[in-house]
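# An overview of the molecular structure
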Amino acid sequence: FGLIRYLTTVFREVPYSAIQYPIWEALKHQLVIKHKGCAPSSWESGLCGAAAGAIAATVTTPLDVVKTRLMLCSTDRKGVRYNGTFATMKKIAQEDGVAVLFSGMIPRVQFNVLGGLIFFSAYERALRFFREHVNTRSSRE
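Calculation criteria
- Residues numbered from 1 in each chain as written.
- Predicted model: local features only at pLDDT ≥ 70, side-chain atom pairs only at ≥ 80, totals over all residues.
- Heavy atoms only, no water.
- Helix = DSSP H or I, 4+ residues; strand = E, 2+ residues; numbered from the N terminus.
- Buried < 20%, exposed > 50% of the residue type's maximum accessible area, 1.4 Å probe, protein only.
- Contact = heavy atoms within 4.5 Å.
- Areas by Shrake-Rupley, 256 points an atom, 1.4 Å probe, with all protein chains shown as cover.
- Phe/Tyr/Trp six-rings, centres within 6.5 Å; stacked < 30°, edge-to-face > 60°.
- Polar contact = N/O pair within 3.5 Å; in protein donor to acceptor, adjacent residues only side chain to side chain.
- Axes fitted to C-alpha atoms, helices over the stretch in contact; angles between N-to-C directions.
- Parallel < 35°, antiparallel > 145°, perpendicular 65-115°, else oblique.
- Nonpolar A, V, L, I, M, F, W, Y, C, P; charged D, E, K, R; others polar.

### A word on the overall build of the protein
Broken down by element type, the protein carries four helices and zero strands. Counting from the amino terminus, helix and strand elements in the protein follow one another as α-α-α-α. Going through the 141 residues of the protein one by one, you find that 30% of them count as buried. For the protein, the proportion of contacts with a sequence separation of at least 24, taken over those separated by at least 6, is 71%. Just so you have it, the protein exposes about 8800 Å², and 66% of that area is on carbon and sulfur atoms.

Shown next, in the form of C-alpha cells:
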C-alpha cells in the first residue's frame, strides 16, 4: 500500500511540472517579444512563474486531494479504504461531488503563486550570476 501512496505523489507532481514549466517559458517568450528581443528581468520571470504556478496548481488540485486521502489512509462513506489514484478520484466524485476534488484550491494556488514567484526569480537571478562569472573567467583565460 505504501507504493500506491508514493505513486500518487508522483502522479500529482509530474503533471504539475509538465503544466508549469511550459507555461512559464511561454509567458517569458511573450515578454521577450514585447521587449523586442531583450530577456525579461528576474522579477518578470518570477511573475511568469507565479502565473504558471497558479494555473498548474488549479489544474492539479484534484490530484492533490486524492493524494491526501490516500496518504492519510482514509476511507469512503462505507468505511472502505481508498485504493489507487483514479479509483479514489472516481469514488470522491461519485459520493461527494466533483467540487470536493477542488477542496483547498485557493490556499494551494496562493502557496504556489508565492513559491513560483520566489523560485523563478531566484533561478533567473542565479542563472545570470553564473553566466556573467563563467563568461568573465572564460574571456580572461
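### Considerations on the packing of aromatic side chains
Considering all chains together, one arrives at seven aromatic pairs under this definition. For the ring pair W24 and Y123, a centre distance of 6.0 Å and an interplane angle of 70° mean the geometry is edge-to-face. Placement of the pair is W24 in helix α1 (residues 2-34) and Y123 in helix α4 (residues 105-140), with a sequence separation of 99 residues. Residue classification places W24 among the buried positions, given a relative accessible area of 4%. Residue classification places Y123 among the partly exposed positions, given a relative accessible area of 38%. Taking the centre distance of 5.4 Å and the plane angle of 75° together, the rings of F129 and F130 count as edge-to-face. Assessed through its relative accessible area of 41%, F129 is described here as partly exposed.

### A look at the side chain of T61
When you line up the elements, T61 lands in helix α2 (residues 42-71). Within polar-contact distance, the side chain of T61 engages the backbone oxygen of A57 at 2.6 Å. Beyond its immediate sequence surroundings of up to four residues, T61 is in contact with L101, F102, S103, M105 and R108.

### A word on the packing of α2 against helix α3 (residues 85-96)
The N-to-C vectors of α2 and α3 enclose an angle of 100°; their axes lie 9 Å apart at closest approach. Considering the angle they form, α2 stands roughly perpendicular to α3. On α3, the residues touching P62, L63, V65, V66, R69 and L70 of α2 are T85, T88, M89, I92 and D96. Of the residues that constitute the contact of α2 with α3, the class distribution is seven nonpolar, two polar and two charged.

### Section: unusual backbone geometry
Residue K36 is not a glycine yet carries a positive backbone phi of 55°. Tracing the chain through its elements places K36 in the loop between α1 and α2.

### Observations regarding the environment of A50
Turning to its location among the elements, A50 is positioned in helix α2. A sequence separation of 63 residues divides A50 from V113, and the C-alpha atoms of the two residues are 4.2 Å apart. Every residue in contact with A50, bar those within four places of it in the chain, is listed here: V113, G116 and L117.

### Concerning the environment of F111
Checked against the element boundaries, F111 lands in helix α4. Note on F111: relative accessible area 63%, which makes it exposed. Between the C-alpha atoms of F111 and G53, which are 58 residues apart in sequence, the distance is 8.9 Å.

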